[in-house]
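Read off the chains here:
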Amino acid sequence: MERVCYKGILAELEERPDSLSLVMVPENTPEDRWGDPMEQFVFHVGEATRFAFPPEELRRGMTLTIGHNGIATRSLPPQGNALFVLCTNEPARA
């Protein structure tokens with residue numbers, strides 16, 4: 001299985017009772033553009049997703065590297081499934 005890494009900023013956490021999604025934007029995206037679907041990529045977290053840190057520590061503005069299989073929807077924003085999540089640094093902006 002192919003693995004692709006996406007490195008970007010966590011713009012938003014979408015938490016629901018039965019799911020978690022990470023809304024990401026490319027590094028160096030100005031904060032006023034974080035809500036733009038043209039900038040975003042949504043990664044869904046599942047039971048198989050592995051975190052290199054406790055998921056409870058996720059915070060808006062963190063730089064993350066997310067491993068995925070390269071498959072994404074053709075929607076705006078595109079969506080895919082996270083295989084692993086690494087924290088590259090603490091929140092740069094909040």
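Before going into details, it helps to say that this report is about the structure given with it. Small disclaimer: the values here were computed from a predicted structure and weren't measured.

**Considering the overall build of the protein chain**
Piece 1. Per the secondary structure count, the protein chain includes 0 helices and 6 strands.
Piece 2. In sequence order, the protein chain lays out its α and β elements as β-β-β-β-β-β.
Piece 3. Relative to the 2.2 N^0.38 estimate, which gives 12 Å for 94 residues, the radius of gyration of the protein chain is 12 Å and therefore close to what a compact globule would have.
Piece 4. Along the first, second and third principal axes, the C-alpha set of the protein chain runs to 35 × 30 × 25 Å.
Piece 5. Relative to its 94 residues, the protein chain shows a buried fraction of 36%.
Piece 6. Look at the contacts in the protein chain between residues 6 or more apart in sequence, and 58% of them connect residues 24 or more apart.
Piece 7. Here the protein chain has roughly 5700 Å² of accessible surface; of this, 50% comes from carbon and sulfur atoms.
Piece 8. Here the protein chain contributes 9 positively and 14 negatively charged side chains, and the mean placements of these two sets differ by 4 Å.

**A look at the pairing of strand S5 (residues 63-68)**
Piece 1. Of all 6 residues making up S5, 6 are buried, and the element is well covered by its neighbours.
Piece 2. Going residue by residue along S5, you find Thr63, Thr65 and Gly67 tucked away on one face and Leu64, Ile66 and His68 tucked away on the opposite face as well.
Piece 3. Sheet analysis places strand S1 (residues 4-16) next to S5, joined by 6 bridges and oriented antiparallel. Along S5, the bridge assignment pairs Cys5 with Gly67.
Piece 4. Pairing between S5 and strand S6 (residues 79-89): 6 bridges, direction antiparallel. Looking at S6, one finds that Gly67 is bridged to Phe84.

**As for the pattern of salt bridges**
Close approach of charged atoms allows side chains with opposite charge to pair.
Piece 1. The final tally for this structure, using the stated rule, is 5 salt bridges.
Piece 2. We note a salt bridge from Glu14 to Arg16, for which the minimum N-O separation is 4.0 Å.
Piece 3. For Glu14, a relative accessible area of 25% corresponds to the partly exposed category.

Conventions used here
Residues numbered from 1 in each chain as written. Predicted model: local features only at pLDDT ≥ 70, side-chain atom pairs only at ≥ 80, totals over all residues. Heavy atoms only, no water. Helix = DSSP H or I, 4+ residues; strand = E, 2+ residues; numbered from the N terminus. Rg over C-alpha atoms; globule rule 2.2 N^0.38 Å. Buried < 20%, exposed > 50% of the residue type's maximum accessible area, 1.4 Å probe, protein only. Contact = heavy atoms within 4.5 Å. Areas by Shrake-Rupley, 256 points an atom, 1.4 Å probe, with all protein chains shown as cover. Lys, Arg positive; Asp, Glu negative; His and termini not counted. Charge placed at Lys NZ, Arg CZ, Asp CG, Glu CD. Pairing = 2+ DSSP bridges. Salt bridge = Lys/Arg side-chain N within 4 Å of Asp/Glu carboxyl O.

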